[in-house]
Amino acid sequence: MKLAASVFSITSLAFCLLIAPSAQAELYKSIGPNGQITYSDSPPPSGKIVEKISLITKSDADASGFPYELAQTTKNNPVTLYTSAKCLPCDDGRNLLISRGIPFSEKTISTNEDLARLKAISGENQLPLLRIGRSNENGYEASVWNKALSTAGYPASNQLPPSYRNGQAAAAAPVAATTKGSPATGSPSKNKANTVSGQQLPATGNAPPGFQF
């Protein structure tokens, strides 16, 4: 049985694209004249592009010292794990990758922008998300993850150097510096997506209102 944590949108995510990751290579993050942030797979006709996002992320792993086949697999099919706080399936997925010796990057989902990035990449609101090259596995199921990793070319047992450590987890969408005078976004008083059936959702752990596990 696949374990997953569902994540509900916290803002009016009109910019969320249910993109098939196998067909897209990058996104454009832009700010329109009204200050609204938009994600798109093509440059906007108007508005300021503030970031160009590659959906094919390289692992934070330094492949130096890896066995040749592992180094090549890491280069061709980098692994990224998307997680959130207080998410037991996320912990299980992370432990599987560590025990099998998979070099991976970890991206955390805790803000509106993180959630938008997750939706744009996977088209789903489930955590954990395992991304291997261009392929996604939503929700945790050990047998499914192991099969996907083997198909991508990863060894069945740990071949990492004893001194290897994965890098620190980072936000899926790093927060950019706020421009002075720019209108604030995600204000609870103006955010109708913070509610379900008219009721405010409670926060869970470090997650803002709107998350459900």
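To be clear, the structure that these remarks concern was listed above.
A brief structural summary. From a predicted model like this one, the values you see are computed outputs, not experimental measurements. (Residues numbered from 1 in each chain as written. Predicted model: local features only at pLDDT ≥ 70, side-chain atom pairs only at ≥ 80, totals over all residues. Heavy atoms only, no water.)

## Overview of the environment of Ala 172
Turning to its location among the elements, Ala 172 is positioned in the loop between β10 (170-171) and β11 (195-196). Residues Ala 172 and Ala 116, 56 residues apart in the sequence, show an inter-C-alpha distance of 9.2 Å. (Helix = DSSP H or I, 4+ residues; strand = E, 2+ residues; numbered from the N terminus.)

## A word on the packing of aromatic side chains
One pass over the structure, following the stated rule, counts two aromatic pairs. Between the aromatic rings of Phe 66 and Tyr 164, the centroid separation amounts to 5.4 Å while the plane-to-plane angle is 80°, which identifies the pairing as edge-to-face. With Phe 66 in the loop between β4 (48-54) and α1 (68-76) and Tyr 164 in the loop between α4 (142-152) and β10, the pair connects residues that are 98 residues apart, well separated along the chain. Neither residue differs from the other here; Phe 66 and Tyr 164 are each classed as buried. Relative to Trp 145, the ring of Tyr 140 lies with its centre 5.0 Å away and its plane at 85°, an arrangement referred to as edge-to-face. With respect to class, Tyr 140 is no different from Trp 145; both count as buried. (Phe/Tyr/Trp six-rings, centres within 6.5 Å; stacked < 30°, edge-to-face > 60°. Buried < 20%, exposed > 50% of the residue type's maximum accessible area, 1.4 Å probe, protein only.)

## Focus: the pairing of strand β9 (residues 135-138)
Residues Asn 136 and Asn 138 point to one face of β9 and are all buried, whereas Ser 135 and Glu 137, pointing to the other face, are not buried. Bridge count for strand β8 (residues 129-132) against β9 is four bridges, and the pairing is antiparallel. Within β9, the position partnered with Arg 131 by the bridge is Asn 136. In textbook terms, the turn of a hairpin is the stretch between consecutive antiparallel strands, and for β8 and β9 this stretch comprises two residues, one of which, Gly 133, has a positive phi near 60°. (Pairing = 2+ DSSP bridges.)

## Quick word on the pairing of strand β6 (residues 104-108)
With five bridges joining them, strand β5 (residues 79-83) and β6 adopt parallel strand pairing. Bridge assignment links Thr 83 to a residue of β6, and that residue is Thr 108. In this fold, the crossover linking β5 to β6 by way of helix α2 (residues 88-100) has right-handed handedness. Relative to β10, β6 is paired through two bridges, and the arrangement is parallel. Counterpart to Thr 108 in the pairing with β10 is Ala 171. (Right-handed = clockwise from strand over helix to strand, strands pointing away.)

## Remarks on the nonpolar core
Core analysis: the biggest nonpolar cluster contains 19 residues, and Val 79, Leu 97, Ile 132, Leu 149 and Tyr 154 have the highest contact counts within it. Of all the secondary-structure elements, those providing two or more residues to this core are α1, β5, α2, β8 and α4. Considering each element in turn, this core owes the most residues, four residues, to α4. In this structure Ile 132 touches Asn 77, Pro 78, Val 79, Ala 148, Leu 149, Ala 152 and Tyr 154, once residues within four positions along its chain are discounted. With 10 residues, the next largest nonpolar core counts Ile 109, Leu 118, Leu 129 and Ala 172 among its residues. (Core = buried A, V, L, I, M, F, W, Y, C linked by side-chain atoms within 4.5 Å. Contact = heavy atoms within 4.5 Å.)

## What about the pattern of salt bridges?
Counted according to the given criterion, the structure contains two salt bridges. Put simply, Asp 91, Arg 94 and Glu 106 are held in one network by salt bridges that share partners. (Salt bridge = Lys/Arg side-chain N within 4 Å of Asp/Glu carboxyl O.)

## Considerations on α2
Residue pairs spaced three or four apart in an α-helix point in one direction, given the helix's 3.6 residues per turn. End to end, α2 covers 18 Å across 13 residues, agreeing with the expected 18 Å (1.5 Å per residue, within 8%). Every buried residue of α2 is accounted for by Pro 89, Cys 90, Gly 93, Arg 94, Leu 96, Leu 97 and Arg 100. Relative to the axis of α2, the buried residues are bounded by an arc of 155° and lie together on one face. Exposed residues pointing more than 90 degrees away from the buried face of α2 are listed as Leu 88 and Ser 99. (Expected span 1.5 Å × (residues − 1). Arc of directions from axis to C-beta.)

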